[in-house]
Amino acid sequence: MDRYESHTHDVLVIGAGGAGLRAAIAAATEGASVALVCKSLLGKAHTVMAEGGVAAALANTDARDSWKVHFRDTMRGGKLLNNWRMAQLLAQEAPARVNELEAWGALFDRTPDGRILQRNFGGHQYPRLAHVGDRTGLEMIRTLQDRTVQLPNIDVYMECTVARLLTDGGRISGAFAYRRDTGRFIVFSTKAVVLATGGIGRAYKINSNSWEYTGDGHALAYDAGADLIDMEFVQFHPTGMVWPLSVRGILVTEGVRGEGGVLKNSRGERFMFRYVPEMFRKDFADTEEEADRWVADVVAGRKAEARRPPELLTRDVVARAIAQEVREGRGSPHGGAFLDIATRRTPEEIRKKLPSMYQQFHELADVDITKQPMEVGPTTHYMMGGVRVDPETQAATVPGLFAAGEVAGGLHGSNRLGGNSLSDLLVFGRRAGLGAAAYAKTVADGTRVAADTVEALATQLLAPFERADGESPYAVQEALQDMMGTYVGIARSHDDLQTALAAINDLRARAARVSVCGSRQYNPGWHTTLDLRNLLTVSEAVTRAALERRESRGAHTRVEHAETDPRFGSVNVVVRRAGDAMTVAREPLPQMSDELKRILDGEV
Amino acid sequence: MEAVLRIFRGDQAEGRLEDFRVPLHEGMVVLDAIHYVQAHHASDLACRWNCKAGRCGSCSAEVNGKPKLMCMTRMDQFPAGEPITVAPMKAFPVIKDLVCDVSWNYEVNKRIPPFQPQPPEADGTWRMQQEDIERVQEFRKCIECFLCQDVCHVLRDHDHKARFAGPRFLVRMAALEMHPLDTVSRTAYLKEAAGIGYCNITKCCTEVCPESIHITDNAIIPLKERVVDDFYDPLRWLLRLFRRSG
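Residues numbered from 1 in each chain as written. Chains lettered and ligands numbered in written order. Predicted model: local features only at pLDDT ≥ 70, side-chain atom pairs only at ≥ 80, totals over all residues.

The next thing to look at is helix α5 (residues 216-224) of chain A. For α5(A), the buried fraction is high: 8 of the 9 residues fall into the buried class. All of the buried residues in α5(A) are Asp216(A), Gly217(A), His218(A), Ala219(A), Leu220(A), Ala221(A), Tyr222(A) and Ala224(A). (Buried ≥ 20, exposed ≤ 12 C-beta atoms within 10 Å, placed from the backbone. Helix = DSSP H or I, 4+ residues; strand = E, 2+ residues; numbered from the N terminus.)

Now for the nonpolar core. Residues and elements named next belong to chain A. Membership of the largest hydrophobic core comes to 267 residues, with the highest contact counts inside it found for Val13, Val194 and Phe402. If you tally residues by element for this core, the top one is helix α11 (residues 420-441), at 11 residues. In contact with Phe402, not counting residues within four places along its chain, are Ala192, Val193, Val194, Leu195, Gln394, Ala395, Ala396, Ala432, Gly435 and Ala436. (Core = buried A, V, L, I, M, F, W, Y, C linked by C-beta atoms within 7 Å. Contact = placed C-beta atoms within 7 Å.)

Our next topic: helix α8 (residues 315-327) of chain A. All names here are of chain A. Compared with an ideal rise of 1.5 Å per residue, which puts 13 residues at 18 Å, α8 spans 18 Å between its outermost C-alpha atoms and is within 8% of the ideal. Burial runs high along α8: 11 of the 13 residues are buried. Listed as buried for α8 are Arg315, Asp316, Val317, Val318, Ala319, Arg320, Ala321, Ile322, Ala323, Glu325 and Val326. Residues of α8 that are buried in the fold lie against β11 (234-241), β13 (337-340), β14 (374-383) and β18 (557-558). Phi turns positive one or two residues past the end of α8, at Gly329, with a value near 85 degrees. (Expected span 1.5 Å × (residues − 1).)

All names here are of chain A. With respect to topology, 4 strands assemble into an open sheet ordered β15-β10-β19-β20, the strand pairing being antiparallel. Looking at strand neighbours, the two that pair on one side only are β15 (386-387) and β20 (581-588), the edges of this open sheet. For strand β19 (residues 571-578) and β20, the ladder comprises 8 bridges, and the chain directions are antiparallel. Paired with Asn572 across the bridge in β20 is Glu587. Together, β10 (228-229), β19 and β20 form the strand contacts of helix α15 (residues 524-548), whose direction differs from that of β20 by roughly 45 degrees. (Pairing = 2+ DSSP bridges. Axes fitted to C-alpha atoms, helices over the stretch in contact; angles between N-to-C directions.)

Right, let's get into the sheet that holds strand β12 (residues 262-264) of chain A. Residue and element names in this part refer to chain A. Across the sheet, which stays open at both edges, the 4 strands sit in the order β11-β14-β13-β12 with antiparallel pairing between neighbours. Each of the sheet's edge strands pairs with one partner strand only, and the pair in question is β11 and β12. Direction aside, the axes of adjacent strands within the sheet are offset by 45 degrees on average. Sheet topology note: the β13/β14 ladder contains 3 bridges and is antiparallel. In the sheet register, Phe338 faces β14, and the bridge partner there is Glu375. Relative to the sheet, α8 contacts β11, β13 and β14, its axis offset from that of β11 by approximately 60 degrees.

Printed below as a string of structure tokens:
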């Protein structure tokens, strides 16, 4: 075994974005020895890209807000497919988690009376997002990072990727990883694992995600035998940059619309008025005059009495609307819609509240957003589906395995509200850390990692070096991304999904033949071959789940089943491994109490 | 239209510049060109990146000798026909190609005396005015690209890493010192361990900051003033002497 580094910890946290950091802090505070593994350098995880804010019913900006309204908004945003208990915990615990960040040094923007200021966002009835301009994620990750490095029982492994989870008698016993900088292997012996690996956006060509987002945690859990749920629900954020090509997909925060920005088509129409779903009709303005009154109130810091502009509908609705405008020939020159803040707010306000957006467009697209509209279109942004977990502890269906944040499924149902991901990271990151630490205390020391398993894995991982003249892994990844965008995108048909399944088989065969050059030291080509395996697993899971759900709901749209079907409103689609085959099943949603049902019906 | 990228290949022990031809398209940035080279010419070319939007501070390098984020550096700003040189940051040891060992920065960060807030209001939260936090919010924009560390001559030319924390961490300490809730004094730490006296305010760090943080004027100079007040003000010096003997 001296070919490997070996490390023993109670809890291994995989991923160091918001969820992983918060889980590590929670587990360490319980006395567990924690390994925190991050694929990049510490503080660079995708949380850093979160812009608009963290949703928490602090009721600072509008006293009418409460956890009950937040719960209802979250459930309605998810088209009632959410795990109700997770939605309830999120709404109840988010305020305490946000305040805790201030105790650790975070500085959110303030109200005139000195409390945390909150902004409006799609699907939230009241201004609810605590924020720092448009760089809220950076504030969160830096605060958590600085807290983490103060805790002596957390060891951070930077630029390290976990390739497989190890089990012993059906329980988690460790993980097999490699260091990206040296290529050296690490065997972790551990009692519990918290997956906090984020999403799968790199399965798609146009996406807002970093290279790290290759579905690692989803695939690790699947391989280890855990259930995945809701994999058909991939969030396409309505406003990604569309031009120039080099920046296609990069996120334009929903905060632009929260600050009063409007969407227009090539005819100058505010087309969102035509796309208000029945479920939301009474909550949204039906004239521009009313929508503008709402903005005027918000800008002036008054309590808004008018109904909200339809630009603030949930992301699934806005993304589909833009796609339809483009399809019907009313798109912007580069195939998107116009997002205009320039005529709505002063240049000073725009630069103050949306500094990153100002800089991003100025430097990368030669657009001055204080003077010109932005061109925007849908971009793959977020994975609602993921590891099925227990709401209280975030335990997966494999003993010793936990998951939090984007890699966990259930909380967001069929569509996530903006701002709920950051509160998700804090609330369920903490719960997963506590759950894993408590579980680890029940497991005796000396978990076993079989030497022959480790040898076999090492050989498997190094195989691309042994093959000569194979294809480049980048070519296979690009082909997969093109294919997923074409056949498993916003609107999905039975035939397209079948085509995708066949294509995934072919791509898997191609992936098995790729070869890489150079040494094991910091070799991105080699790393891509290992990421490809995970991307193929999650792409297949998304496609199979999408085939199974023969209805349209939230982020999932089936061309031949355009309506929401109540028969699918009470089930999750569950993906799990049976030998080498991927199986799909429908299983009933957990039942909500009558008390919570009354909240959904409007009682708060 | 094509460009020639002249990229450093190698490690700390040895290396050379290698030329790669890359097709150009509208709006292209240097990081796009690096990705093209990885996909078509050298799959093992090492570079760091994450967000590709100037938000994470991973893809720092020296482009034609200037410290830059590769994701925010447009190709069309360079004269056509001339090779564009891309090299790793010079102030840190090279691991491979464009990737440096920046672990020293993380060690420095760990040692900084942490934030300790004053007690909250009765409801468990704090009140702060926006105008009182704005100067700290400027410092908290830092994305830890370490370009300021790279360009700082105390670190780059004199390699005083054992004695000087560098502009990044002076900014971090300024954020802590000026935080309205913080109760800790870091002036002794700034003077001794962080070696603030090594900075002779040439403002090189401010010039390269992709977040336009006024590192020298708003962070380092006020911190230097605090150190002077605490250690070189004769009245305070006497007071300290008196306290010690008491």
